[in-house]
Amino acid sequence: MEGAAVTALLQIATRSAWNRRGTLALVVLSIALATALLLGLERLRSDIRGSFTQSVSGTDLIVGARTGPVQLMLYAVFRVGGATNNISMDSVRAVAAHRAVAWTVPIALGDSHRGHPVLGTTVDYFTHFAYGDRQPLVLAQGRAFAGTLDGLYEAVLGAEVADRLGYRLGQRITLTHGLRAGSGSELAAEHADKPFTVVGVLSRTGTPVDRTVHVSLQAIEAIHLDWAGGAPLPGVSIGAEHARKFSLEPKQVTAALVGLKNRVAVFNVQRFVADYEAEPLLAVLPGVALDELWAAVGLGERALMAMSGLVALVSLASLVAVVLAGLNERRRELAVLRAVGAGPRHVLALLATEGALVTLSGAVMGAAAAAGAVLLAGPWVQQRFGITLQATAPTAQQWALFGAVLLAGMLASLVPGWRAYRLSLADGLTPRT
Amino acid sequence: MIRTYFRLLALLSLVGAAAAQAPAGVPAMKPPLAAPAAAAPAPPGAPRTITWEALVPADWDPFKEFKGIDFQMLDDGDPRANEWLKKMRQAWDNAPVNPELVGQMVRIPGFVVPLEDSKEGLKEFLLVPYFGACIHSPPPPANQIIHVLPKSPVKGVRSMDTVWISGKLTTGKTDTYMGASGYRIEATHVAPYTEAAR
């Protein structure tokens with residue numbers, strides 16, 4: 001009996017709603033957009049955090065010129081922003097000589113290849129740098145650059161660079177001075193005289209490594225040999241082969257990644273770096289710097305979430321408004337229902353069901369739209385920002401948000417339901433003029 | 001920074017003169033997160049709640065080498081100051097562990113400094129006795145830092161959050177820079193810090 005009544009009620013609610021599909025479709029759309037916004041934002045938030053957390057592992061300290069911890073971290077690991085200054089190679093050697101330090105990997109940034117950052121480093125980078133859960137870098141094809149004079153102009157590409165530009169082993173590439181290539185040849189400070197050969201391609205990591213072109217520190221020195229004061233020296237040109245005769249020992253680097261023998265010593269080394277007298281230096285613990293970043297970004301995140309929460313509220317308010325406004329047109333419909341024996345409770349249930357159905361379809365559509373947007377925009381976001389958006393099962397937070405939208409929708413539809421409950425039978429049957 | 005050290009030292013020598021039998025150890029490291037000093041005897045098998053002071057061996061005196069030196073006599077820029085400071089730093093970096101506690105199940109509160117973060121949560125962190133330790137001030141002695149390796153990754157814990165950890169207290173590898181003096185806990189349990197927790 002109960003089951004039959006519920007089915008009948010659902011049927012009536014669906015058919016009645018279908019009768020007014022035009023208006024209700026708009027409400028469904030607005031709820032869908034609000035849900036998509038909420039879920040999409042949550043996905044973006046958790047994936048950005050995930051991506052950042054994944055990007056560096058096993059590195060105990062990042063040493064660079066004195067700036068903010070977050071800035072140093074962003075630049076050295078995520079290639080976001082810029083360095084305030086370089087540090088001298090002597091300082092890096094001094095840190096490497098500290099008895100608690102197991103390894104140091106100097107890195108030099110500042111050049112690019114078609115918008116992809118170029119990282120000058122040593123061969124050690126490929127053994128010591130790790131991402132995710134201490135996963136080492138793996139070469140999908142070829143080998144690491146040799147790091148010798150013979151292999152001076154060798155480059156190892158991140159997976160994204162190779163995929164996007166369609167490069168294979170043996171490809172000749174030229175590097176650009178600065179971080180972005182000009183569109184035409186008029187605006188390009190190319191190191192065209194010293195082309196590099198691709199000797200290796202790394203496996204995909206889902207971190208900024210994928211977007212990076214790796215060359216040796218000596219190569220970075222070599223391509224800048226005939227540069228002075230930030231421009232090519234007029235009338236001076238040192239050929240690619242000739243460059244090998246010069247001292248290519250790097251004198252300056254952007255930063256250094258440091259690994260320790262015992263992680264408990266991290267504060268001592270950090271203090272050693274901070275007190276280093278020859279040059280002002282800064283050492284940051286990646287995890288601490290990231291937490292500082294989240295603390296700063298968290299405020300913005302909360303503001304965005306609050307805004308999208310408000311958007312959801314507004315669309316639910318429009319649901320209430322539409323159903324309430326519909327009540328007037330539906331006075332006859334409801335009165336007929338009452339006349340054939342439906343109690344006021346049934347009318348309440350009918351309207352609440354309608355609201356719930358509208359919210360449910362809107363929320364489901366929104367979730368689908370959010371998932372679709374992640375699928376569609378994922379590759380672009382990965383390529384542009386190096387952040388991997390995961391088109392996987394919803395996170396706990398996403399489920400919570402989805403549930404909250406549904407619950408709020410159901411509560412909201414009780415409002416018109418209550419209004420209809422209060423309407424008397426006579427009210428619907430008496431024609432008004 | 002150096003000046004702060006010496007002010008501290010001067011103060012300590014004064015205090016030392018007044019109370020020659022002041023508890024040895026690191027008077028400056030009074031932990032604000034002190035667990036009850038005289039914790040009720042824990043049932044066998046359950047971790048014993050300890051304080052940060054307990055991690056310092058009772059007979060360790062970092063100022064042993066400085067006996068008889070009157071720090072107040074130092075002028076600004078005295079070359080001996082730097083030398084002594086270095087020596088003291090070394091003493092602190094090589095601070096010994098308390099052998100009585102090693103191997104015991106303990107429970108201790110502290111502040112988190114993250115080392116290894118992953119998607120599943122924090123996999124490795126250092127526990128320090130006071131807020132901001134090691135980030136804005138000279139690092140605490142080696143025996144006031146605990147390297148924590150949780151059994152399962154800890155979610156939702158950030159830099160300088162306060163937690164209770166419990167597990168078996170061991171020492172780090174002896175062949176490393178810090179000698180035998182690094183504490184390590186493979187924590188079976190990491191919980192947010194609450195005052196009332198016992």
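Residues numbered from 1 in each chain as written. Chains lettered and ligands numbered in written order. Predicted model: local features only at pLDDT ≥ 70, side-chain atom pairs only at ≥ 80, totals over all residues. Heavy atoms only, no water.

## Points about the overall build of chain B
Of regular secondary structure, chain B possesses two helices and six strands. When the elements of chain B are put in sequence order from the N terminus, they spell out α-β-α-β-β-β-β-β. Relative to its full complement of 198 residues, chain B shows a buried share of 48%. Restricting the contact set of chain B to residue pairs at least 6 apart, pairs at least 24 apart contribute 71%. Entry remark: accessible area of chain B is about 10200 Å², with carbon and sulfur atoms responsible for 57%. (Helix = DSSP H or I, 4+ residues; strand = E, 2+ residues; numbered from the N terminus. Buried < 20%, exposed > 50% of the residue type's maximum accessible area, 1.4 Å probe, protein only. Contact = heavy atoms within 4.5 Å. Areas by Shrake-Rupley, 256 points an atom, 1.4 Å probe, with all protein chains shown as cover.)

## Thoughts on the packing of aromatic side chains
Taken as a whole and assessed by the stated rule, the structure comprises 10 aromatic pairs over all chains. With a centroid separation of 5.4 Å and an interplanar angle of 75°, the aromatic rings of phenylalanine 126 of chain A and phenylalanine 145 of chain A are classed as edge-to-face. Taken together, the positions of phenylalanine 126 of chain A in helix 5 (residues 125-128) and phenylalanine 145 of chain A in the loop between strand 7 (139-142) and strand 8 (154-157) put the pair 19 residues apart, joining distant regions of the chain. Positioned above the aromatic ring of tryptophan 164 of chain B is the side chain of arginine 107 of chain B, whose terminal nitrogen or guanidinium carbon lies 3.8 Å from the ring centre. (Phe/Tyr/Trp six-rings, centres within 6.5 Å; stacked < 30°, edge-to-face > 60°. Lys NZ or Arg CZ within 6 Å of the ring centre and 35° of its normal.)

## Quick word on unusual backbone geometry
Positioned with a positive phi, arginine 134 of chain A is a non-glycine residue whose angle comes to about 60°. Relative to the elements of secondary structure, arginine 134 of chain A occurs in the loop between strand 5 (130-131) and strand 6 (135-136). Arginine 134 of chain A gets classed as partly exposed once you look at its relative accessible area, which sits at 45%. The phi dihedral of methionine 160 of chain B falls on the positive side, at around 65°, and the residue is not glycine. Along the chain, the position of methionine 160 of chain B falls in the loop between strand 4 (146-148) and strand 5 (162-171).

## What about the side chain of aspartate 111 of chain A?
Residue and element names in this part refer to chain A. With respect to the secondary-structure elements, aspartate 111 resides in strand 3 (residues 101-113). Of the buried charged residues, aspartate 111 lacks a salt bridge, with lysine 194 as the closest side chain of opposite charge at 11 Å. Engagement of the side chain of aspartate 111 in a polar contact is seen with the side chain of histidine 177, the distance being 3.4 Å. (Lys, Arg positive; Asp, Glu negative; His and termini not counted. Salt bridge = Lys/Arg side-chain N within 4 Å of Asp/Glu carboxyl O. Polar contact = N/O pair within 3.5 Å; in protein donor to acceptor, adjacent residues only side chain to side chain.)

## Description of the environment of leucine 165 of chain A
Residues and elements named next belong to chain A. With respect to the helices and strands, leucine 165 occurs in helix 6 (residues 159-165). Along the chain, leucine 165 and threonine 104 lie 61 residues apart, while their C-alpha atoms are 31 Å from each other. Residues in contact with leucine 165, not counting those within four places in the same chain, are His113, Arg114 and His116.

## Quick word on the pattern of salt bridges
Evaluated as defined, the whole model comprises 21 salt bridges over all chains. Among the ionic pairs, arginine 43 of chain A bridges to aspartate 47 of chain A, the shortest N-O distance being 3.6 Å. Here the residue arginine 43 of chain A and the residue aspartate 47 of chain A both occupy positions in helix 2 (residues 21-54), the gap between them amounting to four residues, near one helical turn. Like arginine 43 of chain A, the residue aspartate 47 of chain A is buried in the burial classification. Put simply, lysine 194 of chain A and aspartate 193 of chain A hold a salt bridge, and the shortest N to O gap is 3.0 Å. Accessibility expressed as a relative area gives 0% for lysine 194 of chain A, which makes it buried. Salt bridges linked by common partners bring Asp60, Arg134 and Arg263 of chain A together with Glu116 and Glu124 of chain B together as one network.

## Some details on the interface of chain A and chain B
At the interface, 30 residues of chain A touch 30 residues of chain B. Buried surface at the junction of chain A and chain B, summed over both partners, amounts to about 2700 Å²; 56% is from carbon and sulfur atoms. By the criterion of area lost to chain B, the three top residues of chain A are Val264, Phe267 and Arg271 of chain A, representing 25% of everything that side buries. Taken together, chain A and chain B are joined by five salt bridges. Salt-bridge contacts for aspartate 133 of chain A lead to lysine 123 of chain B; the nearest nitrogen and oxygen are separated by 2.3 Å. Listing elements by their share of the side of chain A that touches chain B, those giving two or more residues are helix 2, helix 8 (266-274) and helix 9 (286-329) of chain A. Here the residues of the side of chain A that touches chain B sort into nine nonpolar, 12 polar and nine charged. (Buried area = accessible area lost by both parts, 1.4 Å probe. Nonpolar A, V, L, I, M, F, W, Y, C, P; charged D, E, K, R; others polar.)

## Let's talk about the environment of alanine 335 of chain A
In this fold, alanine 335 of chain A is placed in helix 10 (residues 331-339). Classification of alanine 335 of chain A by relative accessible area gives buried; the value is 4%.

## Some points on a nonpolar patch on the surface
Residue and element names in this part refer to chain A. A cluster of nonpolar residues, Leu26, Leu29, Leu33 and Met365, forms a patch on the protein surface that exposes about 420 Å² of accessible area. Looking at the nonpolar patch element by element, the count peaks at three residues for helix 2. Mapped onto the elements of the fold, leucine 29 is located in helix 2. (Patch = residues over 30% accessible without salt bridge, like charges linked within 9 Å, V, L, I, M, F, W, Y side chains within 5 Å.)

## A short note on helix 9 of chain A
With 44 residues, helix 9 of chain A extends 63 Å from end C-alpha to end C-alpha; this agrees with the ideal 64 Å at 1.5 Å per step. Where helix 9 of chain A bends most, the angle comes to about 40°, and this point is valine 297 of chain A. (Expected span 1.5 Å × (residues − 1). Bend = angle between axes of the 7 residues up to and from the residue.)

## As for the packing of helix 9 of chain A against helix 11 (residues 344-385) of chain A
Residues and elements named next belong to chain A. Here helix 9 crosses helix 11 at 140°, and the two axes come no closer than 11 Å. As far as their axial angle goes, helix 11 and helix 9 are oblique. Considering the relative orientation of helix 9 and helix 11, their crossing is right-handed. Taken together, the residues of helix 11 that come into contact with helix 9 (itself represented by Leu316, Leu319, Val323 and Leu327) are Leu351, Glu354, Gly355, Val358 and Thr359. Of the residues belonging to the contact of helix 9 with helix 11, the class tally is six nonpolar, two polar and one charged. (Axes fitted to C-alpha atoms, helices over the stretch in contact; angles between N-to-C directions. Parallel < 35°, antiparallel > 145°, perpendicular 65-115°, else oblique. Left-handed = near helix turned anticlockwise from the far one by under 90°.)

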